[in-house]
Amino acid sequence: MTSVSASNEEGGAVKGSDQTADPLALRWIGELPILVIGGMLMALCLTLLAAHGINPGIGGIIANSQIFAMFVIVLVCWDAGRELYQKRPDSPISHLKARYTAPAFKRTIAAGLPMLGVAIILLPYFSKMKSAIPLFNQYTWDQAFIEWDRALFFGQDAWQVLHPIIGYPIVTAFLALLYQLWFLLLYPGVMFFAFARIDSRVRRQFFLTYVLSWTLVGGAMATLLASVGPCFVGPMLGNTTFDAQMAYLYAANEQVPIMVLPVQEMLLDWYGKAENGLGSGITAMPSMHCAIAFLYWIAVRRVSAKWGAFFAVFFFITWISSVHLAYHYAVDGLVSLIAVAAIWAMSQRIISAWDAWMLGRDQAALRTNTVPAE
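All of the points below concern the structure found in this document. Source: prediction; values computed, not measured.

**What to know about the environment of serine 336**
Then step 1. Inspection of the secondary structure puts serine 336 in helix α17 (residues 330-370).
Then step 2. Apart from the residues lying within four places of it in its own chain, the contact partners of serine 336 are Pro286, Ser287, Cys290 and Ala291.
Then step 3. Reaching out from serine 336, the side chain makes a polar contact with the backbone oxygen of serine 287 at a distance of 2.8 Å.

**Some thoughts on the packing of aromatic side chains**
Then step 1. Taken as a whole and judged by the stated rule, the model has 28 aromatic pairs.
Then step 2. With a centroid separation of 5.3 Å and 75° between ring planes, the pair formed by phenylalanine 206 and tyrosine 296 is classed as edge-to-face. With a gap of 90 residues between them, phenylalanine 206 in helix α11 (residues 200-224) and tyrosine 296 in helix α15 (residues 288-300) connect regions that are remote in the sequence. Summarising the burial analysis for this pair, phenylalanine 206 and tyrosine 296 share the class buried.
Then step 3. Taken together, the ring pairs connect Phe192, Phe193, Phe206, Phe207, Tyr210, Trp214, Tyr296, Trp307, Phe310, Phe311 and Phe314 into an aromatic cluster.
Then step 4. The lysine or arginine in question, arginine 88, covers the ring of tyrosine 85, its NZ or CZ lying 4.6 Å from the ring centre.
Then step 5. Across from the ring centre of tryptophan 297, 4.7 Å away, lies the NZ or CZ of arginine 301, which sits over that ring.

**Looking at empty space enclosed by the protein**
By rolling a water-sized probe across the atoms, one finds the places where empty space is left.
Then step 1. Across all of its chains, the model carries one cavity of 30 Å³ or more by this definition.
Then step 2. Forming the walls of the largest cavity are Asp149, Asp157, Ala158, Trp159, Pro230, Phe242, Gln245, Val323, His328 and Tyr329.
Then step 3. Among the residues making up the lining of the largest cavity, the classes are represented as six nonpolar, two polar and two charged.

**Details of α15**
Then step 1. An ideal rise of 1.5 Å per residue puts 18 Å on 13 residues; α15 measures up with 18 Å between its terminal C-alpha atoms.
Then step 2. Within α15, 12 of the 13 residues are buried, which leaves the element mostly enclosed by the surrounding structure.
Then step 3. Buried within α15 are the following residues: Met288, His289, Cys290, Ala291, Ile292, Ala293, Phe294, Leu295, Tyr296, Ile298, Ala299 and Val300.
Then step 4. For α15, the side-chain oxygen to backbone nitrogen distance between the N-cap and histidine 289 is 3.5 Å, and the N-cap itself is serine 287.

**Section: the nonpolar core**
Then step 1. Of all hydrophobic cores here, the largest spans 59 residues; its most connected members are Phe126, Phe193, Tyr210, Trp214, Ile292 and Tyr296.
Then step 2. When residues of this core are traced back to their parent elements, those giving at least two are α2 (32-51), α3 (59-87), α5 (103-131), α10 (188-195), α11, α15, α16 (305-324) and α17.
Then step 3. By residue number, the principal contributor to this core is α15, which donates 11 residues.
Then step 4. Residues Leu225, Ala226, Val233 and Ala252 belong to the second largest nonpolar core, which totals 39 residues.

**Regarding the environment of isoleucine 58**
Then step 1. One can find isoleucine 58 in the loop between α2 and α3.
Then step 2. Residues isoleucine 58 and isoleucine 121, spaced 63 residues apart in sequence, show a C-alpha to C-alpha distance of 8.7 Å.

**Side note on the layout of surface pockets**
Then step 1. By volume, the largest pocket is sized at about 1,200 Å³.
Then step 2. Lining of the largest pocket is provided by 33 residues; of these, Leu75, Trp78, Pro188, Met191 and Phe192 occupy positions nearest its centre.
Then step 3. Breaking the lining of the largest pocket down by element, the ones donating at least two residues are α3, α4 (92-101), α5, α9 (169-181), α10, α15 and α16.

**What to know about helix α14 (residues 260-272)**
Then step 1. Under the 1.5 Å per step criterion, the end-to-end length of α14 is 18 Å for 13 residues, consistent within 8% with the ideal 18 Å.
Then step 2. Of the positions making up α14, those classed as buried are Val260, Leu261, Gln264 and Leu267. Along the axis of α14, the buried positions cluster into a sector of 125°, meaning they face one direction only.
Then step 3. Buried residues along α14 sit in contact with α9, α12 (230-237) and α13 (243-253).

**Regarding a nonpolar patch on the surface**
Then step 1. A contiguous nonpolar surface patch, about 480 Å² in accessible area, is contributed by Phe174, Leu177, Leu181, Phe183, Leu184 and Met259.
Then step 2. The topology assignment puts leucine 177 in helix α9.
Then step 3. Looking at leucine 177, the relative accessible area reads 35%, which means it is partly exposed.

**Focus on the pattern of salt bridges**
Opposite charge on two side chains lets them pair, provided their charged atoms get close.
Then step 1. This structure, assessed with the given rule, holds nine salt bridges.
Then step 2. Between arginine 201 and aspartate 355 there is a salt bridge; the shortest N-O distance is 3.4 Å. Taken together, the positions of arginine 201 in helix α11 and aspartate 355 in helix α17 put the pair 154 residues apart, joining distant regions of the chain.
Then step 3. Here arginine 201 falls in the partly exposed class, since its relative accessible area comes to 33%.
Then step 4. Using a relative accessible area of 1% as the deciding quantity, one classes aspartate 355 as buried.

**Some remarks on unusual backbone geometry**
Then step 1. Along the chain, methionine 285 connects to proline 286 via a cis peptide bond; the corresponding omega equals -10°.
Then step 2. Structurally, the position occupied by proline 286 is in the loop between α14 and α15.
Then step 3. Phi angles above zero are rare outside glycine, and arginine 88 is one such case at about 45°.
Then step 4. Mapped onto the secondary structure, arginine 88 falls in the loop between α3 and α4.
Then step 5. On the basis of relative accessible area, arginine 88 is assigned to the exposed category, the value being 55%.
Then step 6. Even without glycine at this site, alanine 326 takes up a positive phi of about 75°.
Then step 7. Along the chain, alanine 326 turns up in the loop between α16 and α17.
Then step 8. The exposure class assigned to alanine 326 is buried, which follows from its relative accessible area of 0%.

How each quantity is defined
- Starting afresh in each chain, residues are numbered from 1 along the sequence in its written order.
- Restriction of local features to residues with pLDDT of at least 70 applies here, the model being predicted, together with a cutoff of 80 or more for giving and counting side-chain atom pairs; totals for whole chains, interfaces and linings are based on all residues.
- No hydrogens and no water enter the side-chain calculation; it runs on all heavy atoms of the structure.
- Secondary structure is summarised from DSSP: a helix means a run of H or I of at least four residues, a strand means a run of E of at least two, and numbering begins at the N terminus for each.
- Note on contacts: a residue pair is in contact if any heavy atoms of the two residues lie within 4.5 Å.
- Between N or O atoms, a polar contact is any pair within 3.5 Å; within protein, one atom must be a potential hydrogen donor and the other a potential acceptor, and residues adjacent in sequence are included only when both atoms are from side chains.
- Only Phe, Tyr and Trp rings are paired, with Trp represented by its six-membered ring, and only when their centres lie within 6.5 Å; those with planes under 30 degrees apart are stacked, over 60 edge-to-face, the remainder tilted.
- Classification of residues uses two cut-offs on accessible area relative to the type maximum, computed with a 1.4 Å probe and protein chains only: under 20% is buried, over 50% is exposed, and between them is partly exposed.
- Cation placement over rings: the criterion is NZ of Lys or CZ of Arg within 6 Å of the ring centroid and within 35° of the ring normal.
- Lining residues are those with an atom within 4 Å of a point, where the points come from a 1 Å grid over the protein atoms alone and group into cavities, where a 1.4 Å probe fits but cannot get out, or pockets, open sets with protein on both sides within 12 Å along at least five of seven lines.
- Grid points are joined across faces, edges and corners, and a volume is the space filled by probe spheres set on the points.
- Under the scheme applied here, ten amino acids are nonpolar (Ala, Val, Leu, Ile, Met, Phe, Trp, Tyr, Cys and Pro), four are charged (Asp, Glu, Lys and Arg), and all others, including Gly, are polar.
- A helix is expected to span 1.5 Å for every residue after the first.
- Throughout, nonpolar core names a set of buried Ala, Val, Leu, Ile, Met, Phe, Trp, Tyr and Cys residues whose side chains join them through atoms within 4.5 Å.
- Think of it as the arc spanned by the lines of direction from the helix axis to the C-beta atoms.
- Nonpolar side chains (Val, Leu, Ile, Met, Phe, Trp, Tyr) are joined into patches within 5 Å and like charges within 9 Å, using only residues with over 30% relative accessible area and no salt bridge.
- Computed with a 1.4 Å probe, the accessible areas rest on the Shrake-Rupley method; for each residue, only the protein chains presented here act as cover.
- Salt bridge, as used here: a side-chain nitrogen of Lys or Arg that lies within 4 Å of a carboxyl oxygen of Asp or Glu.

This is the structure we're talking about:
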């Protein structure tokens, strides 16, 4: 078997591997740890849910597929428009047909399908665990996180420290818009890492960290540290600590629409009705918004310094927004940052160990095949 370690370009082979091997096969073999670990975690989620009488079905997969399909259409239209504008072909239809049926294009699509499948199939089941938190643990950590924030901010709640700086309705509305746009990381962002010609190790490390972040951070840690966050402690737990913050947000909404408020109301309504669809569930610690934004920063900066700087700013704004918009305590983002950094390092070790093991198999097979029989 040939080595699975890839070069800095998609489908490449490392020095010492069989140069005649199918680059597509090499890429898929290199991604096996992600598929195996993801499959095992999915099986664990299904087992835990089944133990509590929950059968997730395939509704989440269908819903997730539809969202991905929508973005595929948008991206294809954008790509086709750009191609026709740049090339100005005599026959636009023939030109686009040749572009999208070319062998190289087909190989690119085939190469990215396994990781796209991870995002489509596995993650909806991990999302179910978020809505099932009350089945496994009570929401008892909010007061502790309130106190942690106050310890960090000299006795004040984090939102009170931020409010004099960004507590203006137009700023709040803008931050709410950016906070909602985060979901683009889950769709076109994921497709970029699945299909772009980038360093193989960065791509695989991104997807393994992505899967583990949703399960370990958004699943296990969220269950162990069950909390609802500032916007929900009032209606769900009877805690009035953040009534003033929520009063500001609703007052600001009278001047400029604050996009997160209808979402918060919808999540609370779903919680009351025990809904467990895609994107449902209430949890504060750790913040998956911050976790995924931080993952994009540490991954994208290895692809592009310019875009890495952009995502550094995006992560920082996401963290601030999560506090200002009453979704999270400041420590939620801090714990997410530390957890994702640790998972990123662990993913690097797993990918490196897999590549080293496969390379060792290749070298052993090469020695066996080249040494004459006695």
